[in-house]
Amino acid sequence: MRLFIVCCFALLICTQVIASDFADFERHLDEAEDYLIVNPAQSIKILESLSARDKLPPKLAIRWHLLYARAAVPTSQYDQLYKSIEDVFNYHQTDYFKQNLTTILSALGIWLRHAEYLTDAHHSFKCAYQYAHNDRQRLTLTNSMALLARSQNDLIEAKALYKKSYPLAKRLALTNIIALIESNLGYIALDEGNIADAERYFRSALNNNQNIDKRAGQISTGLNLLMVFLIQEQQINFERLYSPTATLTHAFPNETKQALLLWLEIGYKNLTEGFIRQKDKQQLQTAYEQLESDKMKQLVARYLANKLDIAVTLPAPIVAKDFNSPWFELVKQCDWEKSL
């Protein structure tokens, strides 16, 4: 009897220790989530500092991966984004997975679009939209589907989706999504050669990102606006915006943004001094390969490389391909209704 009591007491103590460890782990997850908007790189540092992740209950394991996925997008860590999504699907039968289905499928769609599985990205976004819980999620997914349309060179569809979502985002005062839409409308304006509209959209997007202190957004829209100033040879505007944007970019662990910044810096040097060195040209050719997407490479080739007389290779057209993974069949079926 005494042995039984001792064992029960030991089990109780062990359970309390484990519960305490999980509570501490969750506090770190809360901290990582708090940094997502202002500094997603710090979110990643916090997440990677947490040990014994293989012993977590499903809810904490899923939450860890989803936070990492959300931080991986603005920092362009797409390999880790895929790894987290793939690991999350190990828990696809759990309630917490189903409760977060829209977030999971949205992140998956972003990776599929980046990896140029465009048809499969559409499947993922469409299924995510079907299970969206609120207007904010639906607006975010509409923005993702518009980005996908732009990747497919369907600018008419992309603009139609933004035209549909922009008034709702304004009415709901969702500043983060408003900035996303404005930034992407700026890209479309550049695609169409409408520099004045691009400047207007990027200015508004930068202002909105500054209002919510979204560091990744400030960097992206700041760099985009610098490119527009450089295209128009607006030296004073470029100089005013350069310092705060460069400071943020250099402090942010995203080599794709730093590669674009290098193009802008050398472009400015050419504008003000009238020449660049052969060493600069070699650096730009290396940086060109580090740019974040084929679309950005196309814009840099069109607006910057020609002025600098830099020979670059345009991205090859996207070739249709299918994403093959056993768990992706669940996404194609998109039938979680019975278990929700």
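Quick caveat: nothing in here was measured; it's all calculated off a predicted structure. (Residues numbered from 1 in each chain as written. Predicted model: local features only at pLDDT ≥ 70, side-chain atom pairs only at ≥ 80, totals over all residues. Heavy atoms only, no water.)

A. Representation of the side chain of threonine 221 in the model. Along the chain, threonine 221 falls in helix α12 (residues 215-231). For threonine 221, the side chain forms a polar contact with the main-chain oxygen of glycine 217, separated by 2.6 Å. In contact with threonine 221, other than residues within four places in its own chain, are Ser183, Phe202, Ala205, Leu206 and Asn209. (Helix = DSSP H or I, 4+ residues; strand = E, 2+ residues; numbered from the N terminus. Polar contact = N/O pair within 3.5 Å; in protein donor to acceptor, adjacent residues only side chain to side chain. Contact = heavy atoms within 4.5 Å.)

B. Geometry of helix α3 (residues 58-72). Taking 1.5 Å of rise per residue, 15 residues should cover 21 Å, and α3 covers 21 Å from first to last C-alpha, within 8% of that figure. For α3, the tally of buried residues reaches 12 of 15 residues, placing the bulk of the element in the interior. Burial in α3 covers these residues: Leu60, Ala61, Ile62, Arg63, Trp64, His65, Leu66, Leu67, Tyr68, Ala69, Ala71 and Ala72. (Expected span 1.5 Å × (residues − 1). Buried < 20%, exposed > 50% of the residue type's maximum accessible area, 1.4 Å probe, protein only.)

C. Expanded view of the pattern of salt bridges. Counted according to the given criterion, the structure contains 17 salt bridges. Taking the shortest distance from any N to any O, the salt bridge between arginine 63 and glutamate 26 comes out at 3.8 Å. A residue pair is termed long-range when its members are at least 10 positions apart, and arginine 63 in helix α3 and glutamate 26 in helix α1 (residues 2-34) qualify at 37 residues. Glutamate 199 is the salt-bridge partner of arginine 203, the closest N and O atoms lying 2.9 Å from each other. Note that arginine 203 and glutamate 199 are positioned in helix α11 (residues 195-211) at a spacing of four residues, about one turn of the helix. (Salt bridge = Lys/Arg side-chain N within 4 Å of Asp/Glu carboxyl O.)

D. A look at helix α15 (residues 278-290). For α15, with 13 residues, the first-to-last C-alpha span of 19 Å sits near the 18 Å given by 1.5 Å per residue. Where α15 is concerned, the buried positions are Asp280, Leu284, Ala287 and Tyr288. The buried residues of α15 occupy an angular sector of 110° when the element is viewed end-on, so they sit on one face. What points out from α15, more than 90 degrees from its buried face, is the exposed set Gln278, Lys279 and Glu289. Where α15 is buried, its residues contact α14 (255-273) and α16 (294-308). (Arc of directions from axis to C-beta.)

E. Structural view of unusual backbone geometry. The phi torsion at serine 76 lies on the positive side, around 60°, for a residue other than glycine. Considering the arrangement of structural elements, one finds serine 76 in the loop between α3 and α4 (78-88). Its identity is not glycine, yet glutamate 116 carries a phi of approximately 70°, on the positive side. Inspection of the secondary structure assignment puts glutamate 116 in the loop between α6 (101-114) and α7 (118-130).

F. The packing of helix α10 (residues 175-191) against α16, seen in detail. Where α10 meets α16, the closest approach of the two axes is 11 Å, and the angle between their N-to-C directions is 45°. When the interaxial angle is binned, α10 and α16 end up oblique. In this structure, α10 crosses over α16, and the sense of that crossing is left-handed. Listed contacts from α16 to Tyr187, Leu190 and Asp191 of α10 are Met296, Leu299, Arg302 and Tyr303. Per-class residue counts for the contact of α10 with α16 are five nonpolar, no polar and two charged. (Axes fitted to C-alpha atoms, helices over the stretch in contact; angles between N-to-C directions. Parallel < 35°, antiparallel > 145°, perpendicular 65-115°, else oblique. Left-handed = near helix turned anticlockwise from the far one by under 90°. Nonpolar A, V, L, I, M, F, W, Y, C, P; charged D, E, K, R; others polar.)

G. Representation of the environment of threonine 119. Mapped onto the fold, threonine 119 is located in helix α7. Residue threonine 119 is classed as partly exposed on the basis of its relative accessible area of 47%. The sequence separation of threonine 119 and glycine 109 amounts to 10 residues, and the corresponding C-alpha distance is 9.9 Å.

H. View of the environment of leucine 147. Mapping leucine 147 onto the fold places it in helix α8 (residues 135-151). Accessibility expressed as a relative area gives 17% for leucine 147, which makes it buried. Remark: the alpha-carbon pair of leucine 147 and lysine 159, spanning 12 residues in sequence, is separated by 9.7 Å. If near-sequence neighbours (up to four positions away) are discounted, leucine 147 is found in contact with Arg113, Tyr162 and Asn184.

I. Representation of the state of the cysteines. All told, the structure shown has one disulfide when counted by the stated rule. For cysteine 127, the disulfide goes to cysteine 334, at an S-S distance of 2.1 Å. Taking the sign of the S-S torsion, 95° for the link of cysteine 127 and cysteine 334, the bridge is right-handed. Within this pair, whereas cysteine 127 is found in helix α7, its partner cysteine 334 is found in the segment after α17 (328-333), the two being separated by 207 residues in sequence. Just as cysteine 127 is buried, cysteine 334 falls in that class too. (Disulfide = S-S within 2.5 Å.)

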